[in-house]
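Structural characterization, general
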Amino acid sequence: MKERLYEILNEERLHEIVPFLKQLSAEEKQTLVPTIKKMDREINKIIMTKNSYHTAGSVNQHAIIDIASFVCMDQKNFGKNYWSLFRNIEQTEQILEWGCPDWFSDFINDSIDAEFTAFNYQHILGWTEKGYIQPKPELLGHHLSNYPADLDQHPETLSTHFWYLCEYPSKSLPFQKEWFPLVQKLVTEQKIERIRFLKECLLASNRNFNKNVTGWFMDAFTALKPTEDELIELQDELMAGLTSVQSKAVNTILIHLKKMVGSSAFKHEEFAHYLPNLLSMEVKTVVMSSLTLTEKIFQHRKVNPEILGLALTSAFVSKDDGIQSKAAKIILKYIPPSETIKESISHYSDNILTNVRSLLETYIEEEPQELEAVVSEKIILTTEENKVKVIESFEDLMFFLPLAIEDPYSHHCDTALSGFARFANDVDEESVKLIEPVFLKACKTIAKWEVPYLNVLLCNLIINYGLNLLEKYPVQLKNLNKIYEKTSNEETTREAYSNYHKKLGPIAKVGAGSPVMKAFKELAIFTDEKIKAGDSVPLLFAITHAPCWISPVTLVERLEVYQNKNIEPHHLDMQLALQRCALDNTSEALQLAEKKLKGEYKDLLLFFFGKNTEPKGNFEHPAWWMTAGITRSPEKAFKEFSGFGYDAVPAEFFSGIYQWKTIDSKKNSYYPAELNIVIPKYHFEKRKDPLLLEYFIAEPRELSETIGMMWCFPNTLGSALAKVIKSCLFYSGIAEVYERNLVLNTAQALYKVKKPLDEMGYLFLGTIFLDGDKTIRGTAAEIWLEHVSHKMIDNTRLGKVIGTHEKLEWAPVKRFTDLIQHQMLNVSKNHNIALEELISNILLQMDNPVTNLKKLLEVYHEILALNQSQANKKVIEKLKDWKENSSLKKICNHLLKN
């Protein structure tokens, strides 16, 4: 049977496969499944040629396997292959006639989740008629969406299935251009009921469709031009649509509600129920449209002012001057200052802008509560709160290894590695069983296509350790062989693909695509050798405090162990430990070093911890001293180090200061500005004492290990940030998925480091304040808030970066002003003063008015009023020029009067 199938496949006898399958029993078909899978793998292997590539199988061989799979497999084994078998629909129909699988109906019903199918609505109707499938409404609606033709061919299409389309449309509905005029035609010809379709369009607002589909229904509703009578009939659906998460739906509904506001049938009290939610939305057009509708209600109807008035006060949740001013004017004109209204407004008292507060003085009785100045202590990098757990046993190690696999860039990885070195050999016949689930997790992780390099190293460390234990405990760990063999076979299959890099094997043989990876690999080999040798001397680089810090006292204690055992540290282990050392509080460590250490260790740490301002002693390990100097004083070149042989390394990599400028982007009008940052090229040099830094700077385009790099250089982040800026933030407006994630991860790492910013720190932070991604901007605001609280930010430097970008309109000013209003304004007195300084320095960079500068000046006016201060003298000079601009005249005069 298997031989016959191989014969058909190898000789490409496509015409013989169906007769062969017809004669098989159900059991025989099931027996063939493993063989079919194996054949499928063989014909799908990639064959590379000089200019292209193709699969090992021919077109006929693929067709033979497709048919055999469909006939012999169950739904789980066949998977979701909605294309291969159905390339030849006639052939598929013939197969279904003599052997329709019992899972075929479920298979077709599930096709709504498929990216693409080779069958359509008409095929589904035919299969239904023949009894092959029992279609669900979701299936019919989805496939009809993609088939705007032959609608009169089947009576149920327009009578039933069209309404399924309204309820379960395909995501591609809006891109089927024929549907829009077709629906209008069908309504005109009365083939579909007009009022019912209008109702379905409104119901679409709350059906969790994506914005394109929702927008299509809203456009269809508008295009049919519903009459006032129809709008009144659909009033309940219109009101319900006001709760939609899609702003287009809400805006469309508000437009139509305005058309009927004069009718006595308009339910204004019901609208008042929805108004607070509408006024709390972040989309300004929705809020302004809601205010306009509210004003029209007052103009056209006699209403109880307090019903709408109480709802109207919700507008003051926004800090937008236009929204607050419009709401205040409606209140002044139509709503008397009753106690109820006053109390409602008082809930928003602290949020009401200064100029609006003056309008509402008869409604606001109390003065705003004066903000307190936040006095925050200096951040200590190593405290009990961020101290990482120390592994105390083999059992602890087995608990921490899965955590490290989940996130190899977290402190769990360091904790696990240090525990590995200490407890890998503390195992017996009972505890050894704990390795199996960890081994399985490592195998499953490394078997994925895309795996972070640190995970490749860590998983191999675990797998090789498990295989060594297997030799000692074959009975207890009998399952490990099976797990490893499966993982190894999967990798062998993937090696057929040219873009697959082998990940499984001894650590020394794992590939390293860049110098950065080579550094990590060398440290992994060092750790592996310690484990094999049963060496429990502590790793120097293992962090003691999250996210990436080593306590200076612990560093001294670890070096004392090496000193007493007369062991020389691994050169990268030592450098990484120095780079991660927290240098904010070294007094205790300094005393301990003077007491416990001697020779080069002592001299090195007296310099590193700052007692010796200049390096003194025997420089036996130049890389140690150079690393200590760069980490302690990155901008200073010590003359004592001039003979170390590192002169070829550009000074920028030591100092972390790179030349940059923002320029007008002539080549692409869509991205108005370009950020140029100059990073010198550097090729890794083999030398006796290489710096760990050299591994990281030799590949400026290597970005995959950026977060790992930040955790290796937390004291000197300039080079890591410069890489991200050059690769991800060089144009305004770029929003690639990979770049977004990298920028966000970098911003979050910068927040966790909690150190004063350097030159590249200010450039990175200032740039992401203007990023197109809301989460990234929010993270920038969080960094600023914390740095202001702890008095470790220079708002003059930050303001210059933002202003330099914005004078070329790097990004819409509204992005920044919205961020200020939602996250940065009125946090504390200190933050308001810092915000004033920040905005002043942004404005000082601008020569000519930019789009939406008015909004920034309004925020500046508000912050000056809160701080009871006047505009910066140099800003005043600019305001005198800008007031000639008609759109800026009013706000400039306000600022000049202060």
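Preceding this section is the structure that the text describes.
No experiment lies behind these values; they were computed from the predicted model shown.

Let us now look at the overall build of the chain. Per the secondary structure count, the chain includes 46 helices and four strands. With the C-alpha coordinates aligned to their principal axes, the bounding extent of the chain is approximately 95 × 95 × 55 Å. Contacts in the chain between residues at least 24 apart in sequence constitute 70% of all its contacts with a sequence separation of at least 6. Surface accessibility of the chain: about 42000 Å² in total, with carbon and sulfur atoms responsible for 49%. Separation of charge centres in the chain, based on 104 positive and 119 negative side chains, amounts to 4 Å.

Our focus in this paragraph is the nonpolar core. Leu 605, Phe 696, Phe 764, Phe 769, Trp 784 and Leu 857 are the most contacted members of the largest nonpolar core, which totals 186 residues. The greatest single-element share of this core, amounting to 13 residues, is contributed by helix H26 (residues 453-472). The contacts of Phe 769, once residues within four sequence positions are left out, are Arg 777, Ala 780, Ala 781, Trp 784, Leu 798, Ile 802, Phe 816, Leu 819 and Met 824. Formed by 116 residues, the second largest nonpolar core is a distinct cluster that contains Met 73, Trp 127, Leu 275 and Ile 352.

In a structure, side chains of opposite charge can pair up when their charged atoms sit close to one another. Inspection of the entire model under this criterion finds 35 salt bridges. Taking the shortest distance from any N to any O, the salt bridge between Glu 7 and Arg 13 comes out at 3.0 Å. We classify Arg 13 as partly exposed; its relative accessible area is 23%. The partner of Lys 342 in a salt bridge is Glu 339, with the nearest N and O atoms 4.0 Å apart. One end of the pair is Lys 342 and the other is Glu 339, both in helix H21 (residues 339-346) and three residues apart, which spans about a single turn. Given a relative accessible area of 54%, Glu 339 falls into the exposed group. Taken together, the shared-partner salt bridges in this structure form one network comprising Arg 4, Glu 7, Glu 11, Arg 13 and Glu 16.

Below, the discussion takes up unusual backbone geometry. Residue Ala 546 is joined to Pro 547 through a cis peptide bond whose omega torsion reads 0°. As for its position among the elements, Pro 547 is in the loop between helix H28 (515-533) and helix H29 (552-565). A positive phi is found at Gln 190, a non-glycine position, where the angle reads about 60°. Tracing the backbone shows Gln 190 in the loop between helix H11 (179-188) and helix H12 (194-203). Positive phi, close to 55°, is recorded for Gln 868, a residue that is not glycine. Summarising the element assignment, Gln 868 is placed in the loop between helix H44 (853-867) and helix H45 (873-882).

A few words now on the environment of Ser 789. For Ser 789, the location among the structural elements is in helix H40 (residues 774-789). Separated by 410 residues in the primary sequence, Ser 789 and Ile 379 have C-alpha atoms spaced 9.9 Å apart. Those residues in contact with Ser 789, other than ones at most four positions away along the chain, are Ser 376 and His 831. Here Leu 785 takes part through its backbone oxygen, which lies 2.9 Å from a polar atom of the side chain of Ser 789.

Okay, a negative patch on the surface next. A grouping of Asp 102, Asp 106, Asp 110 and Asp 113 is seen on the molecular surface, where their side chains present a negatively charged patch. Mapped onto the elements of the fold, Asp 113 is located in the loop between helix H7 (104-109) and helix H8 (121-129). The exposure class assigned to Asp 113 is exposed, which follows from its relative accessible area of 61%.

As a packed pair, H45 and helix H46 (residues 889-897) sit with axes 9 Å apart at the nearest point and diverge in direction by 145°. Seen from above, H45 lies across H46 with left-handed handedness. The residues of H46 that touch H45, namely those facing Ile 876, Leu 879, Lys 880 and Trp 882, are Cys 892, Leu 895 and Leu 896. For the contact of H45 with H46, the per-class residue count stands at six nonpolar, no polar and one charged.

Let's shift gears to the layout of surface pockets. Put simply, the largest pocket is a space of about 1000 Å³. Along the walls of the largest pocket sit 36 residues, with Tyr 409, Pro 452, Tyr 453, Ser 704 and Glu 705 positioned nearest its centre. Among the elements of the structure, H26, helix H36 (706-712) and helix H38 (737-753) are those that each provide at least two residues to the lining of the largest pocket. Sort the elements by how many residues they give to the lining of the largest pocket and H38 lands first, with seven residues. A breakdown of the residues in the lining of the largest pocket according to their chemical character gives 18 nonpolar, twelve polar and six charged.

Turning next to the state of the cysteines. Note on terminology: disulfide describes a covalent bond linking the sulfur atoms of two cysteines. Overall, the coordinates contain zero disulfides when judged by the stated rule. Here Cys 166 is not disulfide-linked; the sulfur of Cys 201 is the nearest cysteine sulfur, at 6.6 Å. On the basis of relative accessible area, Cys 166 is assigned to the buried category, the value being 0%. You can see Cys 581 has no disulfide; the closest cysteine sulfur is in Cys 548, sitting 12 Å from it. Take Cys 581: its relative accessible area is 0%, and that puts it in the buried class.

Applying the stated criterion across every chain yields a total of five cavities of 30 Å³ or more. Considering the residues around the largest cavity, the lining is formed by 24 residues, among which Cys 413, Leu 417, Leu 454, Phe 520 and Phe 541 are closest to the centre. Elements with a minimum of two residues in the lining of the largest cavity: helix H24 (411-423), H26, H28, helix H30 (571-580) and H36. Residue composition of the lining of the largest cavity, grouped by class: 18 nonpolar, four polar and two charged. Every residue lining the second largest cavity is counted, 13 residues in all, and those nearest its centre are Ile 630, Phe 653, Leu 693, Phe 713 and Thr 716. Per-element accounting of the lining of the second largest cavity gives the leading share, three residues, to helix H33 (residues 622-632). Across the lining of the second largest cavity, the residue classes break down as six nonpolar, seven polar and no charged.

This part is about the environment of Thr 188. Summarising the element assignment, Thr 188 is placed in helix H11. The exposure class of Thr 188 is exposed, given its relative accessible area of 65%. Along the sequence, Thr 188 and Leu 224 sit 36 residues apart, while their C-alpha atoms lie 9.7 Å from each other.

The next subject is a positive patch on the surface. Residues Lys 2, Lys 37, Lys 38, Arg 41, Lys 45 and Lys 76 make up a contiguous surface patch of positive charge. In terms of residues, the positive patch owes the most to one element, helix H3 (residues 26-43), which gives three residues. Along the chain, Arg 41 turns up in helix H3. Judged by its relative accessible area of 45%, Arg 41 falls in the partly exposed class.

The rules behind these values
- Residues numbered from 1 in each chain as written.
- Predicted model: local features only at pLDDT ≥ 70, side-chain atom pairs only at ≥ 80, totals over all residues.
- Heavy atoms only, no water.
- Helix = DSSP H or I, 4+ residues; strand = E, 2+ residues; numbered from the N terminus.
- Contact = heavy atoms within 4.5 Å.
- Areas by Shrake-Rupley, 256 points an atom, 1.4 Å probe, with all protein chains shown as cover.
- Lys, Arg positive; Asp, Glu negative; His and termini not counted.
- Charge placed at Lys NZ, Arg CZ, Asp CG, Glu CD.
- Core = buried A, V, L, I, M, F, W, Y, C linked by side-chain atoms within 4.5 Å.
- Buried < 20%, exposed > 50% of the residue type's maximum accessible area, 1.4 Å probe, protein only.
- Salt bridge = Lys/Arg side-chain N within 4 Å of Asp/Glu carboxyl O.
- Polar contact = N/O pair within 3.5 Å; in protein donor to acceptor, adjacent residues only side chain to side chain.
- Patch = residues over 30% accessible without salt bridge, like charges linked within 9 Å, V, L, I, M, F, W, Y side chains within 5 Å.
- Axes fitted to C-alpha atoms, helices over the stretch in contact; angles between N-to-C directions.
- Left-handed = near helix turned anticlockwise from the far one by under 90°.
- Nonpolar A, V, L, I, M, F, W, Y, C, P; charged D, E, K, R; others polar.
- 1 Å grid on protein atoms, 1.4 Å probe; cavity = no way out; pocket = protein on both sides within 12 Å on 5 of 7 lines; lining within 4 Å.
- Points joined across faces, edges and corners; volume = space filled by probe spheres on them.
- Disulfide = S-S within 2.5 Å.

These values are about where atoms sit, not about what they do.
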